[in-house]
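Structure at a glance
Each chain, written out:
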Amino acid sequence: MQLTPSNRMRSAILPLIVVGLSLFAVGYSNSSNSPNQAPAAKGPAGISPDQQKKLIHQGKLLFDQTPKYARDYVGNALSCNDCHIESGTAAHVVPMTDLAGQFPMFSKRAGHVITLQNRIQECFARSEAGKPLPLDSPQMKAMVAYIDWLSRNQPRTNPYPGRGLIKLPPLMGDPTRGKTIYVAQCAECHGISGEGVPPILPALWGKNSYNDGAGMNNPAKMAAFISYAMPQSHPGALTPQQAYDVATYIHTKPRPKFNEAYKSY
Ligand code: HEC
Ligand code: HEC
């Protein structure tokens, strides 16, 4: 499509309005789920309820604005919140809700049993294209406190029904059709070159995106995410085939390389 100055302007402004509205909606719908209203949270021994509440709050800030609060460990411009939508509380886009009790668990990718802390380290090395957060860092303690708090209601035996991604049938994506969909329905927010407008609109490829070791670096997983959550302005508008097509197109693009030194995390 040939962009004239006026529709280029519109495509720059529209997404910002949409995002503004949706941020308002998220803030509103989450008001009863805010760590500010955290009940006297029970933390690890030696940590008072007040300290624990502060940690939970810091964990949410880190989750929502990861490059800002964990700068030394992030290699791109993504926050956890860009994929784990609504601060990790939206169902079917890999929520953190009631997740803590599922750990420790065996990880095929790491080849050993991992803790929740290890899983967070993996996300930093892969989705954040950075390096693992040290286990004893204040950021790690805060993230775990936040995820523990989101898991406060659930025993281990009863995993959250909205866990993970939706299931799509396995399909073959066509990158040529995917490009047409991308230009028409995604580029207005994520940019024609996938660059986004960080930190408001996430990059989908290039230096500010996740690396090639990340969970999202898989057309089937990305198709499930897109099919449920994108385009953000009218989610559910794509057929499963269209979601595969656009995910396959995005996967023809370059992105940061996973550092194999972090393979065992
Ligand atoms: C680019 C998108 C993306 C970003 C950014 C991201 N994640 Fe993830 N994350 C995923 C996907 C996709 C999965 C599911 C992976 C799979 O099934 O292999 C996942 C899985 C997880 C899991 C395991 C969930 C479960 O149900 O077992 C945790 C915990 C997690 N991420 C935490 C984080 C944290 C903390 C951050 C920020 C430091 C983060 N993620 C950043 C995409 C992302
Ligand atoms: C109205 C703006 C808008 C449109 C249109 C849109 N997105 Fe998004 N997208 C976002 C925002 C904002 C996020 C961050 C999560 C959230 O807040 O919903 C996001 C997150 C994502 C993510 C996960 C984060 C990442 O960087 O990997 C993927 C993948 C994605 N979008 C793909 C698409 C695809 C494919 C389309 C077109 C079918 C699309 N989006 C259309 C705004 C948009």
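The coordinates are above.
Being a predicted model, the structure only gives us computed values, none of them experimental.

**Here we look at the overall build of the protein chain**
Within the protein chain one finds ten helices and two strands. Its helices and strands taken in sequence order, the protein chain reads α-α-α-α-β-β-α-α-α-α-α-α from the N to the C terminus. The burial tally for the protein chain puts 43% of its 265 residues in the buried class. For the protein chain, the proportion of contacts with a sequence separation of at least 24, taken over those separated by at least 6, is 65%. In the structure as shown, the protein chain presents an accessible area of about 14100 Å², 59% of it carried by carbon and sulfur atoms.

**Regarding the site of ligand 1**
Inspection of the region around ligand 1 gives 18 residues, with Cys 80, Cys 83, His 84, Arg 163 and Lys 221 positioned closest. Here an oxygen atom of ligand 1 sits 2.8 Å away from a polar atom, N or O, in the side chain of Arg 163. Contacts to ligand 1 include Lys 221, whose side-chain N or O atom sits 2.6 Å from an oxygen atom. The biggest single contributor to the shell around ligand 1 is helix H5 (residues 116-125), with three residues. Taken domain by domain, the makeup of the shell around ligand 1 includes at least three residues from each of domain 1 (5-150) and domain 2 (175-262).

**Here we look at unusual backbone geometry**
Excluding glycine, residues mostly have negative phi values, and the peptide bonds linking residues are mostly trans. The omega angle of the peptide bond from Phe 103 to Pro 104 is 0 degrees, so this bond is cis rather than trans. Tracing the sequence through the fold places Pro 104 in the loop between helix H4 (85-88) and strand E1 (105-107). Pro 198 connects to Pro 199 through a cis peptide bond whose omega is 0 degrees. Inspection of the secondary structure puts Pro 199 in the loop between helix H8 (187-190) and helix H9 (219-229). In this structure, His 92 is a non-glycine residue whose phi angle is positive, near 70 degrees. Residue placement: His 92 occurs in the loop between H4 and E1. Using a relative accessible area of 25% as the deciding quantity, one classes His 92 as partly exposed.

**Overview of the side chain of Gln 102**
Structurally, Gln 102 can be placed in the loop between H4 and E1. Excluding residues within four positions of it along the chain, Gln 102 makes contact with Arg 156, Pro 159 and Arg 163.

**Quick notes on the site of ligand 2**
Ligand 2 sits among 26 residues. The nearest are Cys 186, Cys 189, His 190, Ala 203 and Met 230. In this structure, an oxygen atom belonging to ligand 2 sits 3.3 Å away from a side-chain N or O atom of Gln 232. Secondary structure elements with two or more residues in the shell around ligand 2: H8, H9 and helix H10 (240-250). Here the shell around ligand 2 takes three residues from H9, the largest share from any one element. Its residues placed into classes, the shell around ligand 2 shows 21 nonpolar, four polar and one charged. Two domains each provide a minimum of three residues to the shell around ligand 2, namely domain 1 (5-150) and domain 2 (175-262).

**Considerations on the coordination of the iron atom of ligand 2**
Expected angles at a metal are 109.5 degrees for tetrahedral coordination by four donors and either 90 or 180 degrees for octahedral coordination by six donors. Each protein donor to the iron atom of ligand 2 is listed here as His 190 (NE2) and Met 230 (SD); together their distances run 2.0 to 2.3 Å. Coordination at the iron atom of ligand 2 comes from six donor atoms whose angles at the metal span 86 to 179 degrees, giving a geometry best classed as octahedral. Of this pair, His 190 sits in helix H8 while Met 230 sits in the loop between H9 and H10, and the two are 40 residues apart along the sequence. With respect to burial, His 190 and Met 230 carry one shared label: buried.

**Details of the coordination of the iron atom of ligand 1**
Just one protein atom donates to the iron atom of ligand 1; it is His 84 (NE2), sitting 2.1 Å from the metal. Assignment of secondary structure puts His 84 in the loop between helix H3 (66-69) and H4.

**Focus: the packing of aromatic side chains**
Within this structure, the stated rule accounts for four aromatic pairs. Each ring, one from Tyr 182 and one from Trp 205, has its centre 5.3 Å from the other, and the planes form 50 degrees; the classification is tilted. Residue Tyr 182 is located in helix H7 (residues 175-185), and its partner Trp 205 is located in the loop between H8 and H9; the two are separated by 23 residues in the primary sequence. Comparing Tyr 182 with Trp 205 shows no difference in burial state: the two are buried. Ring geometry for Trp 205 against Tyr 249: centres 6.0 Å apart, planes inclined by 85 degrees, an arrangement best described as edge-to-face. Pair noted here: Trp 205 is in the loop between H8 and H9 and Tyr 249 is in helix H10, with a separation of 44 residues, a long-range link. Across the pair, Tyr 249 and Trp 205 agree in class, each one buried. Across from the ring centre of Phe 258, 4.2 Å away, lies the NZ or CZ of Arg 126, which sits over that ring.

Here is what the cut-offs are and how they apply
Residues numbered from 1 in each chain as written. Chains lettered and ligands numbered in written order. Predicted model: local features only at pLDDT ≥ 70, side-chain atom pairs only at ≥ 80, totals over all residues. Heavy atoms only, no water. Helix = DSSP H or I, 4+ residues; strand = E, 2+ residues; numbered from the N terminus. Buried < 20%, exposed > 50% of the residue type's maximum accessible area, 1.4 Å probe, protein only. Contact = heavy atoms within 4.5 Å. Areas by Shrake-Rupley, 256 points an atom, 1.4 Å probe, with all protein chains shown as cover. Near = heavy atom within 4 Å. Polar contact = N/O pair within 3.5 Å; in protein donor to acceptor, adjacent residues only side chain to side chain. Domains from an automatic or database assignment. Nonpolar A, V, L, I, M, F, W, Y, C, P; charged D, E, K, R; others polar. Donors = N, O, S within 2.8 Å, 3.2 Å for Na, K, Ca; no water. Tetrahedral: all angles 85-135°; square planar, octahedral: opposite > 155°, others 65-115°. Phe/Tyr/Trp six-rings, centres within 6.5 Å; stacked < 30°, edge-to-face > 60°. Lys NZ or Arg CZ within 6 Å of the ring centre and 35° of its normal.

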